[in-house]
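# A closer look at the structure
Listed below are the residues making up each chain.
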Amino acid sequence: MIRRHGKSVWAVLPAVVIAFVAACSPAAAPTASPSGTPAGTPAGTAAGSPAGTPAASPAGTAGAGGQVEVFSWWTAGGEADGLEAMLGVFENQYPQYEFVNAAVAGGAGTNARAVLATRLSQNDPPESWQGHAGQELIGTYVEADQLESLNFLFDDQGWRDVMPETLIPLISKDDQIYSVPVNIHRANVMWYLPDKLTEWGVTAPTTWDEFLTTAATLDEAGVTPLAMGTTWTSLHLLETVLLGELGADAYDALWDGTGDWSSAEVTGALETFASLLDYTNEDASTLEWDAAAQLVVDGDAAFTIMGDWAEGFFKAKGLDPADGSFGWAPAPGTDGLFQFLSDSFVLPKNVGNRDGAIAWLTVAGSKEGQDAFNPIKGSIPARSDGDVSLYDAYLQSAMDDWQADTVVGSLQHGVVANDPWKTEITTALGLFLSEGDVTAFQAALTTACTAEGPCG
Ligand code: GAL
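Here the structure is a predicted model, which is why all the values come from computation and not from measurement.

### A word on the pattern of salt bridges
A full pass over the atoms with the stated rule returns 15 salt bridges. The partner of R354 in a salt bridge is E148, and the shortest N-O contact between them spans 2.7 Å. Taken together, the residues span a long stretch of sequence, with R354 in helix α14 (residues 354-364) and E148 in the loop between α5 (135-142) and α6 (151-157) at a distance of 206 residues. Here K367 makes a salt bridge to D371, at a shortest N to O gap of 3.7 Å. Within this pair, K367 and its partner D371 are both found in helix α15 (residues 367-377), separated by four residues, close to a single helical turn.

Right, here's the structure in full:
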């Protein structure tokens with residue numbers, strides 16, 4: 001059974017996260033009192049609980065009912081189905097609530113997060129929303145004092161014993177835990193159809209150099225080598241190229257302020273990235289990640305680099321990891337490295353239906369909820385006690401890798417850089433995609449780390 005990989009992750013992640021949280025967080029007062037009681041307990045605290053302490057309702061008994069609006073960006077094949085499966089558990093355990101699915105389409109939350117920001121600015125939060133563990137959570141919502149501490153729920157549900165000890169610091173500030181992780185995703189995966197590769201006479205490349213040679217062969221044969229989508233998917237590609245070309249230590253160093261964005265190694269990685277863009281589909285800027293993955297399903301493109309929610313998508317399309325109808329490998333150069341992210345859910349301050357929100361979070365953190373959701377979503381449970389037999393061959397391999405590999409955090413999916421820094425990087429990338437100037441791109445990335453990251 002899965003036991004967390006103790007110190008091995010800490011060897012890499014804490015440097016990234018702790019140093020960065022320290023560097024980027026203003027010395028704001030903690031949002032919770034030392035006793036662990038959130039400061040200013042919002043309306044909705046159940047009567048009868050000790051003064052100022054939020055009541056944690058046991059599963060199945062929370063609250064009187066009403067609507068529970070849950071905000072996410074899970075609308076594509078696989079991810080929407082996974083949400084539906086977890087909703088089944090919620091409805092079964094909490095029939096008194098009406099679940100309102102407030103998912104907003106747009107991969108990686110590009111649209112959803114903008115809609116959410118507007119709602120939060122109008123003081124109209126949904127009961128819960130999806131947020132990535134790491135800087136996205138801590139640097140945005142916790143920083144803005146928008147969330148309640150969830151220490152009470154972790155204690156009540158015994159989650160400190162089953163959630164990875166390496167993940168807790170990424171969802172905590174000042175000893176207060178601010179979200180419930182529902183999964184672990186891997187970002188650095190290359191997907192393909194083995195039969196098509198055989199037909200085209202190529203094999204899955206293991207380095208980016210090899211990828212470029214393979215891509216030239218495919219290109220000559222009239223096959224699009226690499227399916228890519230809109231800007232965020234190119235940032236996703238870029239982070240895997242940086243990892244593959246630089247290795248884990250130098251990749252981590254980019255995020256904790258000890259690395260050199262202007263180095264020759266980064267230049268080399270950006271040049272590789274530029275060469276890869278020559279082999280992508282021409283309509284990339286108009287496609288979402290799932291439409292790009294569909295090019296692979298249809299045999300119109302050979303590879304796509306995408307997080308393992310693509311696994312859920314391939315399965316939703318009728319492909320089966322057990323019969324080899326689709327294949328996977330670490331993104332080139334990243335064998336033994338696990339570029340991770342974690343989807344989690346939060347409890348907003350001043351939420352309309354607080355008991356309903358806690359009911360949802362209770363399911364999201366439960367073994368039953370996670371084992372319903374993740375096998376369909378294409379992710380592994382955040383909990384260490386998931387039922388391995390429910391997970392397919394790919395997901396079991398991801399479970400093994402999560403244990404054995406060196407773990408680093410994802411940029412695009414919220415782990416290593418806070419929103420202002422990521423926004424600067426994305427702006428620089430947008431310019432690069434239209435102008436193709438590696439020197440200017442590298443200069444902009446170097447400036448971004450000084451302006452919004454820990455390089456200043
Ligand atoms: C990620 C998220 C995944 C999946 C993906 C595509 O940011 O963590 O759960 O939804 O976007 O939308």
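### Points about the site of the ligand
Among the 14 residues in the neighbourhood of the ligand, the closest are listed as E79, H132, D343, K377 and H413. Within the side chain of W73, an N or O atom sits 3.1 Å from an oxygen atom of the ligand. One of the side-chain N or O atoms of W74 is found 3.0 Å from an oxygen atom in the ligand. Compared with its free state, where it exposes 300 Å², the ligand has 100% of that area covered by protein. The residue makeup of the shell around the ligand, split by class, is six nonpolar, five polar and three charged.

### Re the nonpolar core
Judged by nonpolar contacts, the single largest core of 145 residues is most densely connected at F90, W255 and W360. Broken down by element, this core gets its largest block of residues, eight residues, from helix α9 (residues 231-246).

### Description of the sheet that holds strand β3 (residues 128-132)
An order of β2-β1-β3-β13-β6 is seen for the five strands of this open sheet, with the pairing classed as mixed. Because the sheet does not close on itself, it has two edges, and the strands there are β2 (97-101) and β6 (180-181). Bridge count between β3 and strand β13 (residues 343-345): three bridges; the pairing is antiparallel. Residue pairing in the sheet places H132 in a bridge with D343 of β13.

About the criteria used
Residues numbered from 1 in each chain as written. Predicted model: local features only at pLDDT ≥ 70, side-chain atom pairs only at ≥ 80, totals over all residues. Heavy atoms only, no water. Salt bridge = Lys/Arg side-chain N within 4 Å of Asp/Glu carboxyl O. Helix = DSSP H or I, 4+ residues; strand = E, 2+ residues; numbered from the N terminus. Near = heavy atom within 4 Å. Polar contact = N/O pair within 3.5 Å; in protein donor to acceptor, adjacent residues only side chain to side chain. Areas by Shrake-Rupley, 256 points an atom, 1.4 Å probe, with all protein chains shown as cover. Nonpolar A, V, L, I, M, F, W, Y, C, P; charged D, E, K, R; others polar. Core = buried A, V, L, I, M, F, W, Y, C linked by side-chain atoms within 4.5 Å. Buried < 20%, exposed > 50% of the residue type's maximum accessible area, 1.4 Å probe, protein only. Pairing = 2+ DSSP bridges.

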